[in-house]
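# Coordinate inspection notes
Here is what each chain is made of, one letter per residue.
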Amino acid sequence: MSTEEPRPPRSAGEIREELDEEIAFHLERRVEDLVRRGVPEAAAREEAARQFGSLVDTREICLKSDLRLERQRRRTAVTRGLWRDLRFATRLFRRQPGFALLAAGTIALGVAAATTVFSAVDHVLLRPLPYAESDRVVVLQERDLRSGADTGVSVGNLLSWSGRTGSFAAMGMAEPNGVDLTSVEPPEPIQAWGITPGFLEALGAEPLLGRAFLESDFRPGMSDVVLISHRLWTQRFGSDPAILGKDIALDGSPARVVGVLRPALPYPDTKGLWFPRPFTADDAEDRNGNYREGIARLRPGVTREAAQADLDRVAGLLAAENPRTNQGKSVRAIPIREHVLGTVRPGLTVLFGAALLLLLVACANTAGLLFARGVGRERELAVHVALGASRGQLLRRLIAEGLVIAAAGGAAGLLLAFAGVRAVRALAPPELPRIETLAIDARGALFAACVAAIAALVSGLAPAVRLSRRSAAESLRGASMGAVSEREGQAWRRRLVVAEMAAALVLLCGATLLGQSLARLLSNPLGFTPARRVSLQVFLWDRNPTPAQRLARTEAIRQRLAAVPGVEGVGIVTAQPFHPSQIDAMGVFLVEGRPVSATERPPRVFTTIASPEYFGVMEIPLRRGRSFTDADRAEAPAVAIVNDTLAGRLFPGEDPVGKRARISVMGPPVEREIVGVVGDVRPTSFDSPPRSEVYVPLAQTGNGSLTFVVKTRGRPEAVLPALRAAVTEVDSGQSVYTAGPVEEMVRATTRDRRFVLALTTATATLALALTAVGVAGLFAYTTRRRRREFGIRIALGARRAQVAGLVLSEAVRLGAIGVALGLAASLAANRSLSALLYEVRPTDVGALGIAAGVLLLLAVAGAAIPALRAAGTPPATTLRQE
Amino acid sequence: MPENGIALLRGTLDVLILKTLSSGRMHGYQIVARIEERTGGELGIEDGALYQSLHRMEERGWVESEWGHAETGKRARFYRLTPEGRRRLGAEAAGWIRYARAVFRVLEPVEP
């Protein structure tokens, strides 16, 4: 017996019987021998038994050996069978490298896309936020019920909520601030957050190194201490743990680093540093400065809804007590998860859906390939069956092939996913929480393996089961039988291609809708010109304490900037539209002759301070009256310019020019004459509605938080270093907080949309490419099989165009079915897109029509070459074939 | 012969069986008969011990068995050496011969 052939497994009973037969045979032969030598039979039996020794012992010992051997054989048979199947399957790659590469490559694409997006979704959305019991943490936001705008909180309101509600275990706030790191040259501006007592307890953020702030840190007069962010620690301090307990220079004075925060803390932001900000006596009165981040931790057992009701009650009391500040205002407790991740969830969910659809297309494509191969191999497999291979063995062999393809595809897909994740990290908007630490980890790899295994089963098992189900005799019975299974196989492939087309259409529709949304959004007029404008933001307060000093320093910087070669104009403003750290201010606007009662909230508008050149530099059009001039100085009559929205709201049907109003800008209301009306600008994004805005001359206020908008002749980036240098030339200790092209700031506001659009488009393109491969493969195969038919048609006088038309009409028919199914699926799927759409309905006929057209075109294009080949079938040769 | 035969050293039976099988495949009784014939019945081997040894060696992969037909036409279990068994035989036999020679040199009557 050869060692190669597996011996049939034996049961324990069979083993025992064989052993007994062997011993019986031995005893019989012994007796025969003895009898032949003349021993009487009875004595011979006795002698044979005596010579054998203990029958019971021998039987037991032999049986144990045999059973152990059998077990061992079974084990090796299984592993050897597996190995043989896998060897058989890997031979496939050598025999049909084109087929195997195509199949594995298809799976690799699907796995890579799904794994990349899964990693991003898992990392950004699914993992718990890095705060202790983060489901109890809520972010507090004030809401203006009149405009519906959500804002930060004011410290006075926060103190009231904290003192008068019972639902919270801790409450605190973070006050945005800026400091300069002065131990480096030039001084580097750093985002700093002044955090009050209760903030760390509410957030539940334990530092990575060192300690949190202690109660004593909040006592006034204590030495300055800071917690630094992980990003600052790694980027600026080389991840050196020795930084703990050391002093760093902030705005020229030392501050001791007591701790390092954990990485990827998404709230309030991931950069900068935190310092203690004690509550002061004035805080209770400040109910207007609602630019602070409020945070609270629910008491154990208190639901968010109960806490919200508690807050509503206190908000009602506050509105009654302080009508001038709190009327029409509410406060909302938003789960921190919702606050941090709510805006990114729709985009990532859509991307995940898109990746799964691509995976589906990839599976359908691979299944189609395996089907095509399976149809050609039916006879081969039938021979295997006839030679004694069991159905199970055949099935195992086919599955092994699927596994080898899936393993190769999965491994390649995982490698691709590493590149994909890197691309996502580079492409993703930096505001995407936790994106900085995105990587493929064990969970991602496991996901890839699962996806590959499922892809193997989905794409490999169906054809395998179908094939192995046909009996050997059935398939061997000759050509007619082969033709039946052939037709059935073609039907399956057609169904798969239709499914691919439908899935690709869903992706295409999504990408088209997103593209249209972006186009509509970008077509919104901004009200100003961002191209060739650079903005530099500086804070002059610390180094120029008086208004006169600030004005002199501002004028010096303006002149120096204007003298830089390539500069065409310099405008100065406090709140530049689209600026990432825009400093908004609001003030009351009391029109002369319209009294406001004590209980009524006076109209509040955005108050922006601007230089005379600002409107010209930004190309904000002057509608009426005049712009500011150099004559609008501090000692000159106080003037103001309003925008279209304010004019329409407070002076409906009137000409505001010449009217007077008391406007509070940096202090108590001052009476000003309205000298002009300018156009609206979009304040923060393409879809942000213009707001009521009043401009007052810079020279009449002496503000110190200023943005210089510089109009350049050439590329703004080229001039930027010279502009920065110009500021430091005026005062070497003055840091530039932010600097960059305005166009870049405008583009940044659509980065998340472009990110989702780019990935969806890439996915749709891949799906279309795979579908094209599927269509082309199907038609190449069917037209080859129909060569005889075409040859006969041509021989009978059919025109070649008619033959090509036969193939193409089949393609159009399949395409139409795919489009119909795809559109139906799109209508269902696109509803999940609506959060990402802008002024485009998910059922937009134009978008769906374009997508359907592209798909039909693709179906025809995929069938074009096979159709041409069919038209070129020579009548004679094919008739001779077979 | 067992009661007046020489007691067999452990592991010796294995070598004897492997050596016997080296001339071809045979069933258990043939092996017994061949060993008895070669030793003149001097070694007291219980037949049961021989089968225990055979089955143990099959488990270890030194011999393998299959069912066939004996001269008489009866079904019998035949054994033959595996390549592993052949290697084993070479090693064991060499060791045995060295051992026997050493013992014999001591026991040999010394010439005056």
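Residues numbered from 1 in each chain as written. Chains lettered and ligands numbered in written order. Predicted model: local features only at pLDDT ≥ 70, side-chain atom pairs only at ≥ 80, totals over all residues.

Attention shifts here to the overall build of chain B. When you go through chain B residue by residue, the secondary structure sums to four helices and three strands. Taken from the N to the C terminus, the helices and strands of chain B come in the order α-β-α-α-β-β-α. The buried share of chain B, reckoned over its 112 residues, is 31%. Contacts in chain B between residues far apart in sequence, at least 24 positions, make up 59% of those at least 6 positions apart. (Helix = DSSP H or I, 4+ residues; strand = E, 2+ residues; numbered from the N terminus. Buried ≥ 20, exposed ≤ 12 C-beta atoms within 10 Å, placed from the backbone. Contact = placed C-beta atoms within 7 Å.)

Next up on the list: the overall build of chain A. When you go through chain A residue by residue, the secondary structure sums to 25 helices and 22 strands. A compact globule built from 882 residues would reach a C-alpha radius of gyration of about 29 Å, whereas chain A, at 40 Å, exceeds it by more than 25%. Taken over the C-alpha atoms alone, chain A extends approximately 145 × 90 × 55 Å along its principal axes. Taking all 882 residues of chain A together, 42% fall into the buried category. A sequence separation of at least 24 residues applies to 83% of the contacts in chain A between residues at least 6 apart. (Rg over C-alpha atoms; globule rule 2.2 N^0.38 Å.)

All names here are of chain A. Positive phi is not limited to glycine here, since Glu133 has a value of about 40 degrees. Looking at the secondary structure, you find Glu133 in the loop between α4 (97-126) and β1 (137-144). Look at Glu133 and you get exposed, because 11 C-beta atoms sit within 10 Å.

In this model, helix α24 (residues 845-871) of chain A (27 residues) spans 36 Å end to end at C-alpha, consistent with the 39 Å of a helix rising 1.5 Å per residue. A bend of about 40 degrees at Ala864 of chain A is the largest found in α24 of chain A, and the proline Pro866 of chain A appears one to four places after it. (Expected span 1.5 Å × (residues − 1). Bend = angle between axes of the 7 residues up to and from the residue.)

With that settled, consider the pairing of strand β6 (residues 225-228) of chain A. Residue and element names in this part refer to chain A. Burial along β6 is two-sided: Val225 and Leu227 facing one way and Val226 and Ile228 facing the other are all buried. Across four bridges, the pairing between β6 and strand β8 (residues 253-260) is parallel. Residue pairing in the sheet places Ile228 in a bridge with Val260 of β8. As paired elements, β6 and strand β9 (residues 273-276) share two bridges and run antiparallel to each other. Its bridge partner lying in β9, Ile228 is registered against Leu273. (Pairing = 2+ DSSP bridges.)

Residues and elements named next belong to chain A. Locating Ala423 in the fold gives a position in helix α12 (residues 391-427). We classify Ala423 as partly exposed; it has 14 C-beta atoms within 10 Å. Sequence separation between Ala423 and Gln582 is 159 residues, and the spatial gap between their C-alpha atoms is 30 Å.

Time to look at the packing of helix α1 (residues 12-21) of chain B against helix α3 (residues 47-60) of chain B. All names here are of chain B. Axis separation between α1 and α3 bottoms out at 10 Å; the angle between their running directions is 75 degrees. Compared by their axis directions, α1 and α3 come out roughly perpendicular. Taking contact as the criterion, the partners of Leu13, Asp14 and Ile17 in α1 are, on α3, Ala49, Leu50, Ser53, Leu54 and Met57. Split by residue class, the contact of α1 with α3 holds six nonpolar, one polar and one charged. (Axes fitted to C-alpha atoms, helices over the stretch in contact; angles between N-to-C directions. Parallel < 35°, antiparallel > 145°, perpendicular 65-115°, else oblique. Nonpolar A, V, L, I, M, F, W, Y, C, P; charged D, E, K, R; others polar.)

What follows concerns the pairing of strand β21 (residues 705-712) of chain A. Residues and elements named next belong to chain A. Counting buried residues along β21, seven of its eight residues qualify, which places the element largely inside the surrounding structure. Note: strand β12 (residues 533-539) against β21, seven bridges, orientation antiparallel. Opposite Ser535, over in β21, you have Val709 as the bridge partner. Two strands pair when backbone bridges link them, and strand β13 (residues 567-573) and β21 are joined in this way by six bridges, in the antiparallel orientation. Looking at β21, one finds that Gly569 is bridged to Lys711.

Most often, soluble globular proteins keep nonpolar side chains buried together rather than apart. Residue and element names in this part refer to chain A. Core analysis: the biggest nonpolar cluster contains 110 residues, and Leu358, Ala504, Leu505, Leu507 and Ala767 have the highest contact counts within it. Per-element accounting of this core gives the leading share, 18 residues, to helix α11 (residues 345-386). Other than its neighbours up to four places away in sequence, Leu358 contacts Gly110, Ala113, Leu507, Thr763, Leu766 and Ala767. Membership of the second largest hydrophobic core comes to 56 residues, among which are Met173, Val260, Leu273 and Phe275. (Core = buried A, V, L, I, M, F, W, Y, C linked by C-beta atoms within 7 Å.)

Further remarks concern the sheet that holds strand β3 (residues 75-81) of chain B. Residue and element names in this part refer to chain B. Spatially, three strands are ordered β1-β3-β2 in an open sheet, and the strand pairing comes out antiparallel. Taken across any chain shown, the strands that pair with only one partner, and hence form the sheet edges, are β1 (26-27) and β2 (63-69). As paired elements, β2 and β3 share seven bridges and run antiparallel to each other. The partner of Glu64 across the bridge, within β3, is Arg80.

Moving on: α3 of chain B. Residue and element names in this part refer to chain B. Here α3 contains 14 residues, and its C-alpha end-to-end distance of 20 Å stays within 8% of the 20 Å for a straight helix at 1.5 Å per residue. Counting buried positions along α3 gives ten out of 14 residues, so the element sits mostly inside the fold. Of the positions making up α3, those classed as buried are Asp47, Gly48, Leu50, Tyr51, Gln52, Ser53, Leu54, His55, Met57 and Glu58. Once α3 finishes, Gly61 follows within two positions and takes phi at roughly 85 degrees, a positive value.

With 18 residues of chain B in contact, the opposing surface of chain A contributes 21 residues. Counting residues per element, the ones that place at least two in the side of chain B that touches chain A are α2 (28-39), α3 and β3 of chain B. Of the residues forming the side of chain B that touches chain A, the biggest block, nine residues, is contributed by α3 of chain B. The residue makeup of the side of chain B that touches chain A, split by class, is five nonpolar, four polar and nine charged.

With that settled, the discussion passes to the environment of Ala120 of chain A. All names here are of chain A. You can see Ala120 is positioned in helix α4. Along the sequence, Ala120 and Leu86 sit 34 residues apart, while their C-alpha atoms lie 34 Å from each other. In contact with Ala120, other than residues within four places in its own chain, are Leu348, Val424 and Leu438.

The subject of this paragraph is the confidence of the model for chain B. All names here are of chain B. The predicted model of chain B has a mean per-residue pLDDT of 84, with 88% of residues at 70 or higher. In this model, residues 1-7 is a region of pLDDT below 50 whose contacts with residues beyond four sequence positions or in other chains number twelve contacts. Under the prediction, the complex receives an ipTM of 0.89, its pTM being 0.71. (pLDDT = per-residue confidence, 0-100.)

A word on the packing of helix α1 (residues 12-36) of chain A against helix α3 (residues 55-95) of chain A. Residue and element names in this part refer to chain A. The geometry of α1 relative to α3 is characterised by a closest axis approach of 10 Å and an angle of 135 degrees between their N-to-C directions. When the axes of α1 and α3 are compared, the pair comes out oblique. In the crossing of α1 with α3, the sense of the turn from one axis to the other is right-handed. Contacts between α1 and α3 involve Ala12, Ile15, Arg16, Leu19 and Ile23 on the former and, on the latter, Arg59, Cys62, Leu63, Asp66, Leu67 and Glu70. Its residues placed into classes, the contact of α1 with α3 shows seven nonpolar, no polar and four charged. (Left-handed = near helix turned anticlockwise from the far one by under 90°.)

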